[in-house]
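Residue-level structural notes
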Amino acid sequence: MNFKRQLKEGLITQNPVLVQLLGMCSTMAITTSIANGIGMGISVLIILTLSNIFISLLRKIIPNEVRIACYIVVIAGFVTIVDLCLQAFVPAIAKSLGVFIPLIVVNCIILGRAEAFANKNTVAAAAVDGICQGIGYTIVLVIMCAFRELLGNGTLAGIQIMPASYTPALMLVLPVGGFLCLGTLIAVMQWALAKSEKKAADKKEKEGNE
């Protein structure tokens, strides 16, 4: 287990949304306010971490033929717990997120990490992977929420930020705004990764010539 490497993967090189391109439906649908982004991000982080832990614990006894079905049962259990907790303690967030909390059961991020990582690694490594991937997902949500809410409504977390004379760019709080924001972030991330890879290659070539 390498925490530094796993954190870098979750935040940058293997970011679930901007690099792996997973979980984009909920990312575009609920990122109209900071509260939604934080609520969904923390929910996914908790479910992803706990699911990774349990799937890693059970990886040696789950029959290979039914592993996906078993993953979904584990994930559904944690989604139900989180959904009920949201309804009990933060009903406004639960109502705002609506059907997207139950749909975490089939979120590609959760299933993807279960299949690609938790099923092949120790409990500790799986837990760290869940946390790091969850943080990466949450950060993307918060960035998109902040941009769309600020420019689309003139507010942040429901607090008026823009002056009264500001004309909101209402397009940003519509579905098309989600596509534009997500596409821009993906483009920026891919550009940054390509630039980093080119820099590393040039450095390696320079060292080889020396």
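Everything quoted here is computed from the prediction, not taken from an experiment. (Residues numbered from 1 in each chain as written. Predicted model: local features only at pLDDT ≥ 70, side-chain atom pairs only at ≥ 80, totals over all residues. Heavy atoms only, no water.)

**A closer look at the overall build of the chain**
Regarding its fold elements, the chain presents eight helices and two strands. Shown N-terminal to C-terminal, the secondary structure of the chain runs as helices and strands in the order α-α-α-α-α-α-α-β-β-α. Oriented by its inertia axes, the alpha-carbon framework of the chain measures out at about 60 × 60 × 25 Å. On the chain, roughly 11,300 Å² of surface is accessible, and the fraction owed to carbon and sulfur atoms is 71%. Here the chain holds 16 positive side-chain charges and 11 negative ones, and the gap between their average locations is 2 Å. (Helix = DSSP H or I, 4+ residues; strand = E, 2+ residues; numbered from the N terminus. Areas by Shrake-Rupley, 256 points an atom, 1.4 Å probe, with all protein chains shown as cover. Lys, Arg positive; Asp, Glu negative; His and termini not counted. Charge placed at Lys NZ, Arg CZ, Asp CG, Glu CD.)

**Considerations on the pattern of salt bridges**
This model, assessed by the stated rule, comprises four salt bridges. D129 serves as the salt-bridge partner of R113, at 2.7 Å between the closest nitrogen and oxygen. Of this pair, R113 sits in helix α6 (residues 108–116) while D129 sits in helix α7 (residues 123–153), and the two are 16 residues apart along the sequence. According to the relative accessible area criterion, R113 is buried, its value standing at 8%. As a salt-bridge pair, K198 and D202 come within 3.2 Å of each other at their nearest N and O atoms. (Salt bridge = Lys/Arg side-chain N within 4 Å of Asp/Glu carboxyl O. Buried < 20%, exposed > 50% of the residue type's maximum accessible area, 1.4 Å probe, protein only.)

**Concerning the packing of aromatic side chains**
A full pass over the atoms with the stated rule returns one aromatic pair. Arranged with centres 5.2 Å apart and planes meeting at 65°, the rings of F54 and F78 form a pair that is edge-to-face. Of this pair, F54 sits in helix α3 (residues 34–58) while F78 sits in helix α4 (residues 67–89), and the two are 24 residues apart along the sequence. Owing to a relative accessible area of 14%, F78 belongs among the buried residues under this scheme. (Phe/Tyr/Trp six-rings, centres within 6.5 Å; stacked < 30°, edge-to-face > 60°.)

**Description of the side chain of T27**
Assignment of secondary structure puts T27 in helix α2 (residues 24–30). Leaving out residues up to four positions away in the same chain, T27 has contacts with V17, Y137, L141, M144 and L182. (Contact = heavy atoms within 4.5 Å.)

**Looking at unusual backbone geometry**
Look at L21: it is not a glycine, yet its phi comes out positive at around 60°. On the accessibility criterion, L21 (40% relative accessible area) is partly exposed. Backbone geometry places A157, a non-glycine residue, at a positive phi of 55°. Within the secondary structure, A157 is located in the loop between β1 (155–156) and β2 (159–160).

**Here's the deal with the environment of I104**
For I104, the position within the fold is in the loop between α5 (91–97) and α6. With relative accessibility at 0%, the residue I104 sits in the buried group. Taking the C-alpha atoms as reference points, I104 and L193, 89 residues apart in sequence, are found 28 Å from one another. If we ignore the near neighbours within four places in the chain, the residues touching I104 are M40, S43, V44, I47, I75, V79 and I110.

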